[in-house]
Amino acid sequence: MLWIKALHIVFVVTWFAGLFYLPRLFIYHVESDNAAVRAQLQIMQRRLLGITHIGGALALTFGIWTLILVPSYLHQGWLHAKLAFVLGLVAYHVYLAHLVKQFGEDRNMHSSRWLRVFNEVPALFLIAIVLLAVVKPT
């Protein structure tokens, strides 16, 4: 059980690394006037998204595995709240994939300022999820 929890945490960290850095690549892309730099950033965005997919999928896999081993967690309110935030995080991830596609097709419609605010969203999810998982409020 401890191995599964440890791997869950490792892949949550991997997932969040991508969720934090991918919007930063978008900001660099929007702020660059150099076509070669923008082309390189598109490659970096696609590759980072792939790693982020792997981290997210494995984080979810080990989280679900934990729930299979300890189904009593499903009866605790803190977990319901945590799972709601995780679903929000999955939606954020899906939107990142959409943005990678838009940037790849040179169809970005967001300003650098909007992307900077958007970049802060996973931090809010992280705070909520960690507090719920550690404190386990009733």
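Residues numbered from 1 in each chain as written. Predicted model: local features only at pLDDT ≥ 70, side-chain atom pairs only at ≥ 80, totals over all residues. Heavy atoms only, no water.

Engineer: Would you mind going over the environment of tryptophan 114 with me for this structure?
Structural biologist: The residue tryptophan 114 is located in helix α4 (residues 112–118) in this model. Sequence separation between tryptophan 114 and alanine 133 is 19 residues, and the spatial gap between their C-alpha atoms is 30 Å. (Helix = DSSP H or I, 4+ residues; strand = E, 2+ residues; numbered from the N terminus.)

Engineer: Teacher, can you tell me more about the packing of helix α1 (residues 2–31) against helix α2 (residues 35–69) here?
Structural biologist: Between α1 and α2, the shortest axis-to-axis distance is 7 Å and the interhelical angle comes to 155 degrees. On the basis of their axis angle, the class for α1 and α2 is roughly antiparallel. For the crossing formed where α1 meets α2, the hand is left-handed. When its residues are assigned to classes, the contact of α1 with α2 shows 22 nonpolar, 11 polar and two charged. (Axes fitted to C-alpha atoms, helices over the stretch in contact; angles between N-to-C directions. Parallel < 35°, antiparallel > 145°, perpendicular 65-115°, else oblique. Left-handed = near helix turned anticlockwise from the far one by under 90°. Nonpolar A, V, L, I, M, F, W, Y, C, P; charged D, E, K, R; others polar.)

Engineer: In this structure, what is going on with a nonpolar patch on the surface? I would like to understand it.
Structural biologist: Nonpolar side chains collect at one region of the surface, where Met1, Leu60, Ile64, Trp65, Ile68 and Leu69 lie side by side and expose about 570 Å² of accessible area between them. Structurally, methionine 1 can be placed in the segment before α1. Its relative accessible area of 36% is what places methionine 1 among the partly exposed residues. (Patch = residues over 30% accessible without salt bridge, like charges linked within 9 Å, V, L, I, M, F, W, Y side chains within 5 Å. Areas by Shrake-Rupley, 256 points an atom, 1.4 Å probe, with all protein chains shown as cover. Salt bridge = Lys/Arg side-chain N within 4 Å of Asp/Glu carboxyl O. Buried < 20%, exposed > 50% of the residue type's maximum accessible area, 1.4 Å probe, protein only.)

Engineer: Before we go on, may I ask you to explain the packing of aromatic side chains in this structure?
Structural biologist: The description of an aromatic ring pair uses the distance of the two centres, along with the angle that the planes make with each other. Under the definition given, this model contains 11 aromatic pairs. Taking the centre distance of 5.9 Å and the plane angle of 5 degrees together, the rings of phenylalanine 11 and phenylalanine 62 count as stacked. Placement of the pair is phenylalanine 11 in helix α1 and phenylalanine 62 in helix α2, with a sequence separation of 51 residues. Both residues of the pair, phenylalanine 11 and phenylalanine 62, belong to the buried class. Residues phenylalanine 16 and phenylalanine 20 carry aromatic rings whose centres are separated by 5.7 Å and whose planes lie at 45 degrees to one another, so their mutual orientation is tilted. Taken together, the positions of phenylalanine 16 and phenylalanine 20, both in helix α1 and four residues apart, correspond to about one turn of that helix. Among the aromatic residues, those joined into a cluster by ring pairs are Tyr92, Tyr95, Trp114 and Phe118. When the ring centre of tryptophan 78 is taken as reference, the NZ or CZ atom of lysine 136 above it lies at 4.8 Å. (Phe/Tyr/Trp six-rings, centres within 6.5 Å; stacked < 30°, edge-to-face > 60°. Lys NZ or Arg CZ within 6 Å of the ring centre and 35° of its normal.)

Engineer: Before we go on, may I ask you to explain the layout of surface pockets in this structure?
Structural biologist: Empty space among the atoms can be located by rolling a probe the size of a water molecule over them. In this structure, the largest pocket occupies an estimated 650 Å³ of space. Together, 25 residues line the largest pocket, and His8, Val12, Lys82, Ile129 and Ala133 are the ones closest to its centre. When residues of the lining of the largest pocket are traced back to their parent elements, those giving at least two are α1, α2, α3 (77–104) and α5 (121–135). Of the residues in the lining of the largest pocket, the class split is 19 nonpolar, three polar and three charged. (1 Å grid on protein atoms, 1.4 Å probe; cavity = no way out; pocket = protein on both sides within 12 Å on 5 of 7 lines; lining within 4 Å. Points joined across faces, edges and corners; volume = space filled by probe spheres on them.)

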